[in-house]
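Structural overview for review
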Amino acid sequence: MHEIGIANAIIEAGQAEAARRTGSKLVRIGIRIGTLAGVDSDALRFAFTALTQGTELDTVDFEIQSCPRRNRCLNCDHQFETAVYSEPCPLCASETIALVGGEELDLTYVELEEA
Amino acid sequence: MTVIPVEKKVLSENQRIAASLRDRFEEQGTLCLNLISSPGSGKTTLLEETLGGFRPEERVAVLTGDLQTENDAKRLARYGFPVQQITTGGVCHLDGRMIERALERWSLDEIDLLFIENVGNLVCPSSYDLGEETKVVLLSVTEGDDKPLKYPSIFAKSELLVLTKIDLLPHVPFNMEQARANARLVHPGIEIVELSCTTGQGFDGWQAWLSRRREARLRRASTARV
């Protein structure tokens, strides 16, 4: 529901990077979204289209990389990906687990075409 | 073609404001709780009962968010504690800036306990840090017991789950066991209290949790001063 605001923040950040290099044109923006970030990739894509259609940005490509939930075992320090929240550590079977990834909502890179 | 690595959080501006709010809460010894649920799960009612149980000299305040109307603030103001309505005008969550603006009207060193009643929504509020000590998620028994699985983010980020309206359990298919298990699947360490604001059943569990958190907050403040 708030994907429009997020899309807008991403586009603005991308434009700010492009503005630092005079004459360059924004080609692609890379974004990383964790499964726990509360952001829906499809809604975000829709928001990008809605915001850029008919503007000079409508050729910009948005690359969305999804990140799974990643847990760290507090017993042996092993890190593992999981979709099943309660999954015990695959190495030592400990059930004391901390969340270390999956909440990402990051702008990772912008790709520019230099003039 | 040039690729420029940026590596910054999309909500970094909100993150920055939240961090500054958290510092202020820490400095002033304010315990801030961010209450989140679907619309109609009983956030305002829980707050009404909670405020009603406090002595008048308690230093408690409430910020309550909705898209429109001052209705919740009116309900909550009856208890004599400072209350402010934040009307978001259509925005589906509260963000750090809204909290910062509302707090300009209050002096935090006069508030020991600040409740933020977020906009009724299980999705978006989970993305916005408000500088709170913890999020508290509410789930009423008239909803589905699989909600923790459907909306895992908010259950994963909340330290306490309050299951509300338990007086209605005989009339609804809600499975309490299943709800608890689902919440723990998403967040193994989550604390759970079950209550009814209508009958008062289980309300002491919520009060006990609040007291524990307030005491812990106080202890932290006195250690910091030494």
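Rules used throughout
Residues numbered from 1 in each chain as written. Chains lettered and ligands numbered in written order. Predicted model: local features only at pLDDT ≥ 70, side-chain atom pairs only at ≥ 80, totals over all residues. Heavy atoms only, no water. Helix = DSSP H or I, 4+ residues; strand = E, 2+ residues; numbered from the N terminus. Rg over C-alpha atoms; globule rule 2.2 N^0.38 Å. Buried < 20%, exposed > 50% of the residue type's maximum accessible area, 1.4 Å probe, protein only. Contact = heavy atoms within 4.5 Å. Pairing = 2+ DSSP bridges. Axes fitted to C-alpha atoms, helices over the stretch in contact; angles between N-to-C directions. UniProt positions renumbered as here; feature names shortened; annotations may be inferred. Phe/Tyr/Trp six-rings, centres within 6.5 Å; stacked < 30°, edge-to-face > 60°. Buried area = accessible area lost by both parts, 1.4 Å probe. Salt bridge = Lys/Arg side-chain N within 4 Å of Asp/Glu carboxyl O. Polar contact = N/O pair within 3.5 Å; in protein donor to acceptor, adjacent residues only side chain to side chain.

1. Considering the overall build of chain B
Helix and strand counts for chain B come out as 8 helices and 8 strands. The C-alpha radius of gyration of chain B comes to 18 Å, within 12% of the 17 Å expected for a compact globule of 226 residues. By its C-alpha atoms, chain B is 60 × 55 × 40 Å across when sized along the principal axes. Going through the 226 residues of chain B one by one, you find that 54% of them count as buried. Nonlocal contacts in chain B, meaning residues at least 24 apart in sequence, comprise 72% of its contacts between residues at least 6 apart.

2. Side note on the sheet that holds strand β5 (residues 97-101) of chain A
The strands making up a sheet are joined through hydrogen bonds of the backbone, oriented either antiparallel or parallel. Residues and elements named next belong to chain A. Across the sheet, 3 strands lie side by side as β4-β3-β5; this open sheet has antiparallel pairing. Among the strands making up the open sheet, the edge pair consists of β4 (79-81) and β5. In this sheet, neighbouring strand axes are inclined to one another by 35° on average, regardless of whether the strands run parallel or antiparallel. Taken together, the 3 bridges between strand β3 (residues 70-73) and β4 define a ladder with antiparallel strand orientation. Note on β4: the bridge partner recorded for Asn71 is Phe80.

3. Thoughts on the UniProt feature "binding site: Ni(2+)" (unreviewed entry) in chain A
Mapped onto this numbering, the UniProt entry annotates "binding site: Ni(2+)" (unreviewed entry) at His2 of chain A. By the element assignment, His2 of chain A lies in the segment before α1 (3-19). On the accessibility criterion, His2 of chain A (4% relative accessible area) is buried. Setting aside its immediate chain neighbours within four residues, His2 of chain A contacts Gly38 and Val39 of chain A together with Cys92, His93, Cys124, Ser127 and Tyr128 of chain B.

4. Some points on the packing of aromatic side chains
Scanning the entire structure with this criterion turns up 4 aromatic pairs over all chains. Aromatic pair Phe48 of chain A and Phe62 of chain A: ring centres 3.6 Å apart, planes at 5°, arrangement stacked. Separated by 14 residues along the polypeptide, Phe48 of chain A in helix α2 (residues 41-52) and Phe62 of chain A in strand β2 (residues 61-67) bring together distant segments of the chain. Under the relative-accessibility criterion, Phe48 of chain A is labelled buried at 2%. For the pair Phe54 of chain B and Phe81 of chain B, a centre-to-centre distance of 6.3 Å together with 90° between the ring planes defines the contact as edge-to-face. A residue pair is termed long-range when its members are at least 10 positions apart, and Phe54 of chain B in the loop between α2 (43-52) and β3 (60-66) and Phe81 of chain B in the loop between α3 (71-77) and β4 (83-87) qualify at 27 residues. By relative accessible area, which is 16% here, Phe54 of chain B ends up buried. Overall, the relative accessible area of 7% leaves Phe81 of chain B in the buried class. Through a chain of ring-to-ring contacts, three or more aromatic side chains come together here, namely Phe115, Trp206 and Trp209 of chain B.

5. Examining the UniProt feature "domain: CobW/HypB/UreG nucleotide-binding" (unreviewed entry) in chain B
Residues annotated by UniProt as "domain: CobW/HypB/UreG nucleotide-binding" (unreviewed entry) correspond here to residues 35-193 of chain B. End-to-end, the C-alpha atoms of residues 35-193 of chain B are 14 Å apart, and along that stretch the chain is 29% helix and 23% strand.

6. Looking at the interface of chain A and chain B
The interface of chain A with chain B comprises 27 residues on the first partner and 25 residues on the second. Taking both sides of the interface into account, the surface hidden between chain A and chain B amounts to around 2,400 Å²; carbon and sulfur atoms contribute 61%. Applying the counting criterion to the chain A and chain B interface returns 3 salt bridges. Note that Lys9 of chain B and Asp106 of chain A form a salt bridge whose closest N and O atoms lie 3.5 Å from each other. Inspection of the chain A/chain B interface yields 13 residue pairs in polar contact (both at pLDDT 80 or more).

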